[in-house]
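One letter stands for each residue in the lines below.
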Amino acid sequence: MQNMIAILVFFGAAQGFAICLHLYFKKKKNKKTFYFYALFLFSLAFFNLIYALKLLGISNIGFIPLNAFPFPYKYLIGVGFYFYIKKQIIQEGRIFSKLDYLLFLPAILYGLLRTYWYIILHSGIDEDIFWNVYKSGFFVYNEYVYLIFNLLLTISAIRFLKTNKTQIRGFNIGRKNWEWFLKFSYAFITIIVLNMALAVIVHIVGDNYNGTVYIILLLLNSIYIYWVGFESLTHSKFLFNRFTLKTQKSDKSEIPTPFSLQFEHHINDQEIFTNKNLKLSDLATLVNTTDKKLSLYIHESFGVSFSEYINQLRVEKVKMLMHTEEQKKYTLLAIAEKAGFSSKSSFNAVFKKVTGVTPTQYRGTNKY
């Protein structure tokens, strides 16, 4: 039975490593987020790998002894997650300070300490070093410290997501992405809380991190890794995006410029986006600016490219048309053409990308 559990835990860890490798080769808009996501997932998978091999009785990989391996993975899981969430915002000056990187200090210090013990153990200087440290109670209290550390980092990440939920620029796809980050964070904090509860039980019953309670902990982590793998593959488009926040100036009631008034007139009043042949240069000419300046304005104001912005406007128009009484008699394709889509295939693809469901599904679940 123990071997079956160990194999399940081992394959969970292997999946974590495989997901990191798979995502490394995928095209990413924001590579910095990938590096921290990989740090988070790799460290979590390494946690399970070490204990899975221990349960299987494997103490070495080649000439490298695994017993007390000094990689400080427990202190890197939460740090990786924290930076992964915050690196979604490209305005790092407003989001980070240099002091944030001090969060790596516990991992560095613990890693150095473990390296010292590792050398003493495997050089034969003191083969009982880890047993002596264990008897001192260090590892028991260290378990609480790293779990509380990870809990506080995850709470901070969730507060960050909630605070900036209404500040991100863009349309429904951006907000839906942000909701996914929240779901991802809540799942992680649930695992941390369960780990803390099990650590308390282990402390009370004297399980010594080798019995039934710790196996439950490893199984919970494995289930979470399997879920992370599933989410990483099915929602890979949500993982490494780039978001901008509204500036303080735009949060206030600023005086519209002639350019912004023209832009809003052609978008909101004239609904120029319903022209299926609309190009960036066409709108730039209408608002008396260059293609480059208009593209920059759209990106800074809405956090998306020109084509994404226009497609999101068209999807919002389709949704609005679907909810009007007179549109019941029209086909979805007819509605799409009125909103500016040029073909059924592009309409279906864009609509699902923005809303997460097909036009037919949306129409069926939104009765009017």
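All of these numbers come straight from a predicted model, not from anything done at the bench.

Before going further, it helps to spend a moment on the nonpolar core. Counting 82 residues, the largest nonpolar core has Tyr37, Phe40, Phe47, Tyr84, Phe184 and Tyr224 as the members making the most contacts within it. Residue contributions to this core peak at 16 residues, all from helix α2 (residues 31-55). Setting aside anything within four residues of it in sequence, one finds Tyr224 in contact with Phe40, Leu44, Phe184, Ala187, Phe188 and Ile191. Among the nonpolar cores identified, the runner-up in size contains 15 residues, and Phe263, Ile272, Val287 and Ile298 belong to it.

Taken as a whole and assessed by the stated rule, the structure comprises five salt bridges. Taking the shortest distance from any N to any O, the salt bridge between Lys74 and Glu143 comes out at 3.0 Å. Here Glu143 lies in helix α7 (residues 138-163) and Lys74 lies in helix α3 (residues 73-86), a separation of 69 residues in the sequence. Classification of Lys74 by relative accessible area gives buried; the value is 9%.

Helix length check: helix α12 (residues 258-269) (twelve residues) gives 15 Å between terminal C-alpha atoms against 16 Å at 1.5 Å per residue, within 8%. Every buried residue belonging to α12 is among Ser260, Phe263, His266 and Ile267, and all of these are buried. Relative to the axis of α12, the buried residues are bounded by an arc of 135° and lie together on one face. Seen from the open side of α12, the exposed residues pointing more than 90 degrees away from its buried face are Pro258, Asn268 and Asp269. At its buried positions, α12 is contacted by α13 (280-286), α14 (291-302) and α15 (306-322). Just downstream of α12, Glu271 is the residue with a positive phi angle, here 50°.

Attention shifts here to the packing of aromatic side chains. Applying the stated criterion across every chain yields a total of 53 aromatic pairs. Centroid distance Trp117 to Phe130: 5.7 Å. Interplanar angle 80°. Geometry classified as edge-to-face. On the criterion of sequence distance, the pair formed by Trp117 in helix α5 (residues 105-122) and Phe130 in helix α6 (residues 129-135) is long-range, its members being 13 residues apart. Comparing Trp117 with Phe130, the two get one shared label, buried. Taking 5.5 Å as the distance between ring centres and 90° as the angle between the ring planes, the aromatic pair formed by Trp117 and Phe138 counts as edge-to-face. Of this pair, Trp117 sits in helix α5 while Phe138 sits in helix α7; the two residues are 21 residues apart in sequence, bridging distant segments of the chain. Cation over ring: Lys338 sits above Tyr330, and NZ or CZ is 5.5 Å from the ring centre.

Right, let's get into a nonpolar patch on the surface. A surface patch of nonpolar side chains, about 620 Å² in accessible area, is lined by Leu99, Leu102, Leu105, Ile108, Leu109 and Leu112. Mapped onto the elements, Leu112 comes out in helix α5. Of the residues examined, Leu112 reaches a relative accessible area of 57% and is grouped as exposed.

Do not read the predicted coordinates in detail wherever pLDDT is low. Taken residue by residue, the protein chain gives an average pLDDT of 82. The fraction at 70 or more is 88%. Ranking the helices and strands of the protein chain by mean pLDDT puts α3 first, with 93, and helix α11 (residues 248-251) last, with 45. Low pLDDT, under 50, characterises residues 248-255; the stretch is placed with four contacts to residues that sit more than four places away or in other chains.

Calculation criteria
- Residue numbering note: each chain is counted from 1, following its sequence as written.
- Totals for whole chains, interfaces and linings use every residue, but because this is a predicted model, local features are given only for residues with pLDDT of at least 70 and side-chain atom pairs only at 80 or more, for both listing and counting.
- Just so you know, side-chain values use all the structure's heavy atoms and leave hydrogens and water out.
- Nonpolar cores were defined as sets of buried Ala, Val, Leu, Ile, Met, Phe, Trp, Tyr and Cys residues, with membership established by side-chain atoms within 4.5 Å.
- Exposure classes here rest on a 1.4 Å probe applied to the protein chains alone. A residue is buried below 20% of its type maximum, exposed above 50%, and partly exposed in between.
- The secondary structure listing takes helices from DSSP runs of H or I that are at least 4 residues long and strands from runs of E that are at least 2 residues long, numbered from the N terminus.
- In this description, contact between two residues means that some pair of their heavy atoms is separated by no more than 4.5 Å.
- A pairing counts as a salt bridge when a side-chain nitrogen of Lys or Arg comes within 4 Å of a carboxyl oxygen of Asp or Glu.
- Any helix carries an expected span of 1.5 Å times its number of residues minus one.
- To be clear, the arc concerns the directions from the helix axis to the C-beta atoms.
- Two aromatic rings from Phe, Tyr or Trp, using only the six-membered ring of Trp, form a pair when their centres are within 6.5 Å; if the ring planes differ by under 30 degrees the pair is stacked, by over 60 it is edge-to-face, and anything between is tilted.
- Charges are assigned to positions over rings by a cutoff of 6 Å between ring centre and Lys NZ or Arg CZ, combined with an angular limit of 35 degrees from the ring normal.
- Patches here: salt-bridge-free residues with over 30% relative accessible area, like charges joined within 9 Å, nonpolar side chains (Val, Leu, Ile, Met, Phe, Trp, Tyr) joined within 5 Å.
- Areas reported here follow the Shrake-Rupley algorithm with a probe of radius 1.4 Å; residue values treat only the protein chains shown as occluding.
- Residue-level confidence of the predictor is what pLDDT reports, using numbers from 0 through 100.

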